[in-house]
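This is what each chain is made of:
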Amino acid sequence: MAIGKTKVAVIGCGLVGSTLSYYLASNRICNKLLLIDLNEKKAWAEATDLRHSLGYSNSKVQIESGSYGDCGDADVVILAVAAPYRDGMTRLDMYEKACSIMDSIIPPVMESGFEGIFLVITNPVDLITQYVQKLSGLPDRKVIGTGTSLDSARLRMYLADLMDVDPRSVDALCMGEHGDSQMIPWSQVTVGGKSFHHILKDDPNRLGGLSLDDVLKEITGIAYEVVRSKGATCYGIASVSGQIVRAILFDENKVIPVSCMLHGEYGFEGIYAGIPAVLNSQGVKELVTYHLTEEETARLNRSLGILEGCRRKGSEKE
Ligand SMILES: NC(=O)c1ccc[n+]([C@@H]2O[C@H](COP(=O)([O-])OP(=O)(O)OC[C@H]3O[C@@H](n4cnc5c(N)ncnc54)[C@H](O)[C@@H]3O)[C@@H](O)[C@H]2O)c1
């Protein structure tokens, strides 16, 4: 993709969409940024405020607000919308509400002539990504969700702090559902190229008395704690989404765990789940298939089975 002509549309300018827009503009990841929200005044205000942030910057990103009809020449359309949460809402209620929001967004975006890549952030992200793919009719390699990329970023930071190394020296990820059933394939985790199992074998106290399951609990639980304290999360998801967009626009062939369609990999067919994927200007180039241990395979099967079950229940309701 030619650098100098890239356009990204962010639909949903709430906390996540606006933080991500700031990341994209300040890191000069695209050339044009289009902000869209049901609340048009908010989209205009976010775009205007964001433009002001570039007054002393070397970023020349063009930022404006607009409508779905302006998405036709976008390379990437990001879906960061959410319905207001009401007490007592179940996950299935949230799924149904998010689907009905997508029903009002995807058809007009497709009518604009959009042929680029959708990046879905809206929760429940694996199920909504699958819904957007079906609704848009785009090839599944061009419809991606953030999946377990955020959980993986949290895991990398956690292990980097624990080992006192730069997080870029940690190769670690979460797989499966972006939610409670996700798992960590510990057999694939390395720090400075050394397998985490060997690290623990050489120094069993490295985890400071914690078990591997305690680490997983920490990674899945920390978001709830942040949400309880500040109402939402935004910086982590903005940063990982920005890096996914960069991998696409800069044709990086970068491996990031995202929500993508399985075609027999890990024994599952036709469901979206968080799996490491090679990302480039075509979207998902290929999935990374690990040789997992028996226990890891059982855990991943459980998580993918949960998504498959939700997917089936969801399609009965659609
Ligand atoms: N995937 C992840 O890892 C991850 C992480 C954090 C947040 N999220 C999800 O991101 C989503 C956004 O979170 P947030 O904190 O920014 O929410 P928010 O309430 O701050 O913002 C939502 C925005 O969506 C807009 N909106 C609602 N319906 C719309 C429609 N039909 N068309 C256009 N805009 C519409 C609202 O006006 C609002 O500005 C949520 O679903 C949240 O759960 C996902």
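Look a little higher up for the structure.
Residues numbered from 1 in each chain as written. Predicted model: local features only at pLDDT ≥ 70, side-chain atom pairs only at ≥ 80, totals over all residues. Heavy atoms only, no water.

### Some points on helix 7 (residues 212-230)
In this model, helix 7 (19 residues) spans 28 Å end to end at C-alpha, consistent with the 27 Å of a helix rising 1.5 Å per residue. Where helix 7 bends most, at Gly221, the angle is about 35°. For helix 7, the set of buried residues is Val215, Leu216, Ile219, Thr220 and Ala223. Following helix 7 by one or two positions, Gly231 has its phi on the positive side, about 90°. (Helix = DSSP H or I, 4+ residues; strand = E, 2+ residues; numbered from the N terminus. Expected span 1.5 Å × (residues − 1). Bend = angle between axes of the 7 residues up to and from the residue. Buried < 20%, exposed > 50% of the residue type's maximum accessible area, 1.4 Å probe, protein only.)

### A look at the pairing of strand 5 (residues 117-120)
Neither face of strand 5 is open: one carries Ile117 and Leu119, the other Phe118 and Val120, and all of them are buried. Here strand 4 (residues 76-79) pairs with strand 5 via 4 bridges, running parallel. The residue of strand 5 that forms the bridge with Leu79 is Val120. As paired elements, strand 5 and strand 6 (residues 143-145) share 3 bridges and run parallel to each other. Among the inter-strand pairings, Val120 is bridged to a residue of strand 6, identified as Gly145. (Pairing = 2+ DSSP bridges.)

### Looking at the packing of helix 5 (residues 149-163) against helix 8 (residues 235-249)
Relative orientation of the contacting elements helix 5 and helix 8 amounts to 110°, with a least axis distance of 9 Å. By the angle between their directions, the pair helix 5 and helix 8 is classed as roughly perpendicular. Crossing of helix 5 against helix 8: the hand is right-handed. The segment helix 5 lies against helix 8, with Ser149, Leu150 and Ala153 engaging Gly236, Ile237, Val240 and Ile244. In terms of residue class, the contact of helix 5 with helix 8 is built from 5 nonpolar, 2 polar and no charged. (Axes fitted to C-alpha atoms, helices over the stretch in contact; angles between N-to-C directions. Parallel < 35°, antiparallel > 145°, perpendicular 65-115°, else oblique. Left-handed = near helix turned anticlockwise from the far one by under 90°. Contact = heavy atoms within 4.5 Å. Nonpolar A, V, L, I, M, F, W, Y, C, P; charged D, E, K, R; others polar.)

### Focus on the pattern of salt bridges
A full pass over the atoms with the stated rule returns 6 salt bridges. The partner of Glu46 in a salt bridge is Lys42, and the shortest N-O contact between them spans 2.8 Å. Highlighted residues: Glu46 and Lys42, both in helix 2 (residues 40-52), separated by 4 residues, approximately one helical turn. Glu46 sits in the partly exposed class, given a relative accessible area of 21%. Exposure remark for Lys42: the relative accessible area of 30% places this residue in the partly exposed category. For Lys194, the salt bridge is made with Asp202, and the minimal N-O distance between the two is 2.7 Å. Connected through salt bridges with shared partners, the residues Asp213, Glu295 and Arg299 form a single ionic network. (Salt bridge = Lys/Arg side-chain N within 4 Å of Asp/Glu carboxyl O.)

### So, the site of the ligand
The immediate surroundings of the ligand are formed by 24 residues, with Leu15, Val16, Asp37, Tyr68 and Asn123 found nearest. Asp37 has a polar side-chain atom sitting 2.6 Å from an oxygen atom of the ligand. Tyr68 places a polar side-chain atom, nitrogen or oxygen, 3.0 Å from a nitrogen atom of the ligand. Calculation on the ligand without its partners gives an accessible area of 870 Å², and the protein chains cover 81% of this total. No other element matches the 3 residues that helix 3 (residues 91-111) contributes to the shell around the ligand. Along the lines of polarity and charge, the residues of the shell around the ligand split into 14 nonpolar, 8 polar and 2 charged. (Near = heavy atom within 4 Å. Polar contact = N/O pair within 3.5 Å; in protein donor to acceptor, adjacent residues only side chain to side chain. Areas by Shrake-Rupley, 256 points an atom, 1.4 Å probe, with all protein chains shown as cover.)

### Comments concerning the packing of helix 1 (residues 15-26) against helix 8
The geometry of helix 1 relative to helix 8 is characterised by a closest axis approach of 8 Å and an angle of 50° between their N-to-C directions. As judged from the angle between their axes, helix 1 and helix 8 are oblique. Viewed along their axes, helix 1 and helix 8 form a crossing whose handedness is right-handed. Where helix 1 approaches helix 8, its residues Val16, Thr19, Leu20, Tyr23 and Leu24 are matched on the opposing element by Tyr235, Ile237, Ala238, Ser239, Ser241, Gly242, Gln243, Val245 and Arg246. The residue makeup of the contact of helix 1 with helix 8, split by class, is 8 nonpolar, 5 polar and 1 charged.

Purely spatial values, then, with no claim about function.
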